[in-house]
Amino acid sequence: MQVSARIPAKLKAILGSHRRQIFNLLAWCCFGLGFVGMLVPLMPTTVFWICAAWLWLRSRPERVRFLIDHPRFGESIRDFLEHGEICPTGKKAAILSMAGSYLIWFSLIGPGLWPALTVATILALVATWIATRPDNRHRRRARQQQAQVRVGLDELVCSAEPVTETRGVSR
């Protein structure tokens, strides 16, 4: 007996025709979870909003604008979607939150050996993936240096007085 990993044609047709609606529904769920994360400690916001943005880009791209323009989370979402970057603070927070969540789960539930090892392995793999993502420090520094240079040049141009020839004139 052979087992095929292919999706049956009927299911593929249903998913294909409703893909945008399914992605839109999942995006709203992720957005809602991210909103709850703004209110509940230890529940992430940015991760869920990145997922919502990714899903909306594939279903309703016009809805992504308010997420990437958000004053607090927009830069992180934009950096991840455009460059796959996670800021160093975000990396530390994610990895420490996963470790803390595992310790709380382990102490409250007291799982057996295999569930504990399975969850630990999954969290370790996710933490490794997060740690190996590039960060945006180099681009942020470049933007700051450009801004500093631009401000410095503007001050020079604004405060510069016309140069007049003063040779041979003594006071």
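About the thresholds
Residues numbered from 1 in each chain as written. Predicted model: local features only at pLDDT ≥ 70, side-chain atom pairs only at ≥ 80, totals over all residues. Heavy atoms only, no water. Helix = DSSP H or I, 4+ residues; strand = E, 2+ residues; numbered from the N terminus. Buried < 20%, exposed > 50% of the residue type's maximum accessible area, 1.4 Å probe, protein only. Contact = heavy atoms within 4.5 Å. Areas by Shrake-Rupley, 256 points an atom, 1.4 Å probe, with all protein chains shown as cover. Axes fitted to C-alpha atoms, helices over the stretch in contact; angles between N-to-C directions. Parallel < 35°, antiparallel > 145°, perpendicular 65-115°, else oblique. Left-handed = near helix turned anticlockwise from the far one by under 90°. Patch = residues over 30% accessible without salt bridge, like charges linked within 9 Å, V, L, I, M, F, W, Y side chains within 5 Å. Salt bridge = Lys/Arg side-chain N within 4 Å of Asp/Glu carboxyl O. Phe/Tyr/Trp six-rings, centres within 6.5 Å; stacked < 30°, edge-to-face > 60°. Expected span 1.5 Å × (residues − 1). UniProt positions renumbered as here; feature names shortened; annotations may be inferred. Nonpolar A, V, L, I, M, F, W, Y, C, P; charged D, E, K, R; others polar. Core = buried A, V, L, I, M, F, W, Y, C linked by side-chain atoms within 4.5 Å.

**Some words on the overall build of the chain**
When helices and strands are counted, the chain shows 7 helices and 0 strands. The order of helices and strands in the chain, counted from the N terminus, is α-α-α-α-α-α-α. Taking all 171 residues of the chain together, the buried fraction comes to 19%. The long-range share in the chain, meaning contacts at least 24 apart out of those at least 6 apart in sequence, stands at 60%. Roughly 13200 Å² of accessible area belongs to the chain as shown, and the carbon and sulfur atoms make up 65% of that amount.

**Observations regarding the packing of helix 2 (residues 46-57) against helix 4 (residues 74-83)**
Viewed as axis vectors pointing N to C, helix 2 and helix 4 meet at an angle of 55°, and their least axial separation amounts to 10 Å. In terms of axis orientation, helix 2 runs oblique to helix 4. Between helix 2 and helix 4 lies a crossing of right-handed hand. Residues Thr46, Trp49, Ile50, Ala53, Trp54 and Leu57 of helix 2 form the contact with helix 4, whose participating residues are Ser76, Ile77, Phe80 and Leu81.

**A look at a nonpolar patch on the surface**
There is a patch of nonpolar side chains on the surface, built from Phe35, Val36, Met38, Leu39 and Val40 and spanning about 450 Å² of accessible area. Along the chain, Leu39 falls in helix 1 (residues 9-39).

**Digging into the packing of aromatic side chains**
Between two aromatic rings, the relevant description is the distance of the centres plus the angle of the planes. Taken as a whole, this structure holds 11 aromatic pairs when the rule is applied. Both rings, one in Phe23 and one in Trp54, keep their centres 6.2 Å apart while their planes meet at 45°; by these two values the pair is tilted. Of this pair, Phe23 sits in helix 1 while Trp54 sits in helix 2, and the two are 31 residues apart along the sequence. Look at Tyr102 and Phe106: their rings are 6.0 Å apart centre to centre, the planes differ by 25°, and that puts the pair in the stacked class. Here Phe106 and Tyr102 lie together in helix 5 (residues 88-109), a separation of 4 residues that amounts to about one turn. Ring-pair connections join several aromatic residues into one group, and the members of that group are Trp28, Phe31, Trp49, Trp56, Phe66 and Phe73.

**Some points on helix 2**
The terminal C-alpha atoms of helix 2, which comprises 12 residues, lie 16 Å apart, in line with the 16 Å expected from a rise of 1.5 Å per residue. Regarding helix 2, the residues found buried are Trp49, Ile50, Ala52, Ala53, Leu55 and Trp56.

**Description of the UniProt feature "transmembrane region" (unreviewed entry) in the chain**
Summarizing the sequence annotation, UniProt attributes the feature "transmembrane region" (unreviewed entry) to residues 25-57 and 102-131 in the numbering used throughout. Secondary structure across residues 25-57 divides into 82% helix and 0% strand, with the first and last C-alpha atoms of the span separated by 13 Å. Spanning residues 102-131, this segment combines 90% helix with 0% strand, and its end C-alpha atoms are found 18 Å apart.

**Considering the packing of helix 5 against helix 6 (residues 113-131)**
Where helix 5 meets helix 6, the axes come as close as 9 Å, and the angle between the chain directions of the two elements is 175°. Relative to helix 6, the element helix 5 lies roughly antiparallel. Taken together, the residues of helix 6 that come into contact with helix 5 (itself represented by Lys91, Ala94, Ile95, Met98, Tyr102, Trp105 and Phe106) are Pro115, Ala116, Val119, Ala120, Leu123, Val126, Ala127, Ile130 and Ala131. Of the residues that constitute the contact of helix 5 with helix 6, the class distribution is 15 nonpolar, no polar and 1 charged.

**Digging into the nonpolar core**
Soluble globular proteins: nonpolar side chains tend toward being buried together. Among the nonpolar cores identified, the biggest contains 14 residues, and Phe31, Trp49, Ala52, Trp56, Leu67 and Ile77 are the most heavily contacted of them. Elements with a contribution of two residues or more to this core: helix 1, helix 2 and helix 3 (65-68). Top contributing element to this core by residue count: helix 2, with 6 residues. Residues contacting Trp56, with those up to four places away along its chain left out, are Asn24, Ala27, Trp28, Phe31, Pro61, Arg63, Val64, Phe66 and Leu67.

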